[in-house]
Structures are given as C-alpha cells and as structure tokens.
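Overview (structure and organization)
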Amino acid sequence: MGLNKFQNVTTILFDLDNTLINTKGADRLACQQVSQYLQNCGIRRSTAREVVDKFYNLIREQPHDPNNEDGDVDAWRVLLWKQALGPGLSTKASIAYSMWKESRTIHLKFDLALQNMLVELRKHYKLGLITNGPSSSQWEKIRKVNGSIFFDAIVVSGDVKHSKPGVAIFEDAFRILDSSSLECVMVGDNLNTDIKGGIRANCAATVWISDEGLPDREGCPKPDFQVSNVTDIMDLLPERKGFSFLCQDRSVGLYHSMRDETHTGRVN
C-alpha cells in the first residue's frame, strides 16, 4: 500500500481522545490521587484500589449518561463515584470527583512534540478535529489544551447529534473545510469509530494510532497505515516546503461549536 495515497491530500482529520491527548492515562493518574486520599481517610489500601479501579472501568464504559447525552456531566460522574464507593463510602463521592477532575485536568495536555507537529502541518494542510462525546465534556478538554488554535474546524458529536463511525459527522467536517472526502485523511486510535468512520466516509486514507497488532476478527476495520504515535504520521506525508496555497490566506473559519455554526475566530 503506497504512500501515494497522500499525494492529493489537502486536509487531515484527527480524533481527540487517546490520539492527541492521553485521556486514559490522565484518568488513571487522577484515580491514583483519589486512592491516596481514601487511604489518608483510613480506608485500607486494597479497598481504595478496588474503588478507583471500579470507577475507572465505569467511566471508560459509559463516560456520559447513555439515556441523556446532554445531561449534567458532573452529576453523572459523581453518580459513578457513588457506585464505585458503595453505600458505606458514598458520602465521599463529591470530594472524590472534585479531586479526580482537578488532577485529570492537570494531566490532559498537548505535549510540545505534538504542538510542533500541528503547527508544521498547518503550513501545508487544513486541519480538522472530529470527536465523539457530550459537548460540555469534550469542550472542557479542548479548551484545557487550547485546541482551538490548532484547527480550522472542530466537530463534536454532542453538538451535531451524530457521531463516528457515522458518515454524517464526517460530511459536516468536509463541508466546513470545503474539502472532498478523497482529499482527507482520518487519524485516530479507535478502529470501530475513527477507522471504520473514515472508511465509510470514503476518506483517501486512514491512519491507526496503536502499538498493538490488528485484531484477527471478521469484519474488523483495516486501516491503510498504522503508527505507534500520532507524531509518526509526519513520516507518511510527502515532503513539502514553504506554505501551501491553501494556507497562505486562510478563508476557513475556526468553529467552536457546530450547534449554531457561529464563527469564534479566524486564523490568518
């Protein structure tokens, strides 16, 4: 499978969680902080670990209320902590959540190598961010990492009411960025949302971010390329010098929300 798939690419679409930011890692580090807090309260170390492990698994499985995606994210997370702590410790749920949220926020960041890559890519490509999740929780992360300054369009599933791997959310991005699907590359860590979605949307190529082997199961989406770290995509792209004609005078608006499609800034 040749790298010529990238020759006509004008636009690169990125997933957010565990592609650009290590959400799983931040969740785990935040859980460790809560575990220490519980131990300081006199709770046995093994019990504290069981509690935070349970919460970690709960929030990975259902990061938002499945019956109300627009519901109060903070209230949902406190509820998950209550479930993890159990009846005897449920009074500590609010404190545990506040501590977890504060610690998690500290660890959610774009590292310097990633920032440098995005800045370099924007000299030659239009960049889009497509992420699944409730508007409030996803924008909480995007604002924390100043993500808006790196992208020409940001599409959050909670704003548009459809999500990856559905084609509609990709078509929103294509429309905003004034790009055809065959000019776009989709980059993400999730085979069932990012890669399957990119394939369904007829993107020129898909890039899977993983250091694991492709699962051997029927119907598993097959990415065009696989790299261990998102910054490794630079090795796949053709060498280009100077600013692309696409980027010399940007006419693409910077979107903070697709809900009302209101421009909130413009990159020159």
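Residues numbered from 1 in each chain as written. Predicted model: local features only at pLDDT ≥ 70, side-chain atom pairs only at ≥ 80, totals over all residues. Heavy atoms only, no water.

As enumerated under the stated definition, the model contains six aromatic pairs in all. Ring centres 3.9 Å apart and planes at 10 degrees place the aromatic pair F55 and W81 in the stacked group. Residue F55 is located in helix α2 (residues 45–61), and its partner W81 is located in helix α3 (residues 73–85); the two are separated by 26 residues in the primary sequence. Note on F110 and F150: the rings are 5.7 Å apart at their centroids and 55 degrees apart in plane angle, and the pair reads as tilted. In this pair, F110 is assigned in the loop between α4 (93–107) and α5 (112–121) and F150 in the loop between α6 (135–144) and β3 (153–156), connecting sequence segments 40 residues apart. Exposure remark for F110: the relative accessible area of 6% places this residue in the buried category. Taking relative accessible area as the criterion, F150 reaches 6% and is therefore assigned buried. The structure contains a cluster of three or more aromatic residues connected by ring pairs, namely F55, W81, Y97 and W100. Above the face of the Y56 ring, R60 is positioned so that its terminal group lies 6.0 Å from the ring centre. (Phe/Tyr/Trp six-rings, centres within 6.5 Å; stacked < 30°, edge-to-face > 60°. Helix = DSSP H or I, 4+ residues; strand = E, 2+ residues; numbered from the N terminus. Buried < 20%, exposed > 50% of the residue type's maximum accessible area, 1.4 Å probe, protein only. Lys NZ or Arg CZ within 6 Å of the ring centre and 35° of its normal.)

The next thing to look at is the nonpolar core. One recurring pattern in soluble globular proteins: nonpolar side chains tend to sit buried together. The biggest cluster of nonpolar side chains holds 36 residues, and the ones touching the most others in it are F14, F110, F151 and V207. Elements with a minimum of two residues in this core: β1 (11–14), α5, β2 (126–131), α6, β3, β4 (184–188), β5 (205–209) and β6 (225–227). Of the residues forming this core, the biggest block, four residues, is contributed by α5. F110 has contacts with L16, L20, I21, Q115, L118, V145, G147, F150 and F151, leaving out every residue within four places of it along the chain. In terms of nonpolar packing, the next biggest core, distinct from the first, is built from 24 residues, A30, V52, L58 and A93 among them. (Core = buried A, V, L, I, M, F, W, Y, C linked by side-chain atoms within 4.5 Å. Contact = heavy atoms within 4.5 Å.)

Turning our eyes to something else, we now look at the layout of surface pockets. Approximately 160 Å³ is the volume found for the second largest pocket. R28, C31, Q32, S35, Q36, Q39, R45, R49, V52 and D53 together form the lining of the second largest pocket. Among the secondary structure elements, those contributing two or more residues to the lining of the second largest pocket are α1 (23–40) and α2. For the lining of the second largest pocket, the leading source of residues is α1, giving six residues. (1 Å grid on protein atoms, 1.4 Å probe; cavity = no way out; pocket = protein on both sides within 12 Å on 5 of 7 lines; lining within 4 Å. Points joined across faces, edges and corners; volume = space filled by probe spheres on them.)

On to the pairing of β5. Within a regular strand, side chains alternate between the sheet's two faces. Where burial is concerned, most of β5 is hidden: five out of the five residues are buried. Across the two faces of β5 the burial is the same, with A205, V207 and I209 and T206 and W208 all buried. When β4 meets β5, the two strands line up parallel, connected through four bridges. For V187, the partnering residue across the bridge sits in β5 and is V207. A crossover links β4 with its parallel partner β5, the connecting element being helix α9 (residues 191–200), and its sense is right-handed. By the bridge criterion, three bridges tie β5 to β6 in an arrangement that is parallel. The residue bridging W208 from the neighbouring strand is Q226, located in β6. (Pairing = 2+ DSSP bridges. Right-handed = clockwise from strand over helix to strand, strands pointing away.)

The next thing to look at is empty space enclosed by the protein. Applying the stated criterion across every chain, the model contains one cavity of 30 Å³ or more. The volume enclosed by the largest cavity comes to roughly 40 Å³. Along its surface, the largest cavity is lined by R77, K101, R104, T105, L108, E140, K141 and K144. Residue assignment for the lining of the largest cavity shows that the elements contributing at least two residues are α4 and α6.

Read these as layout, nothing more, since geometry by itself doesn't imply function.
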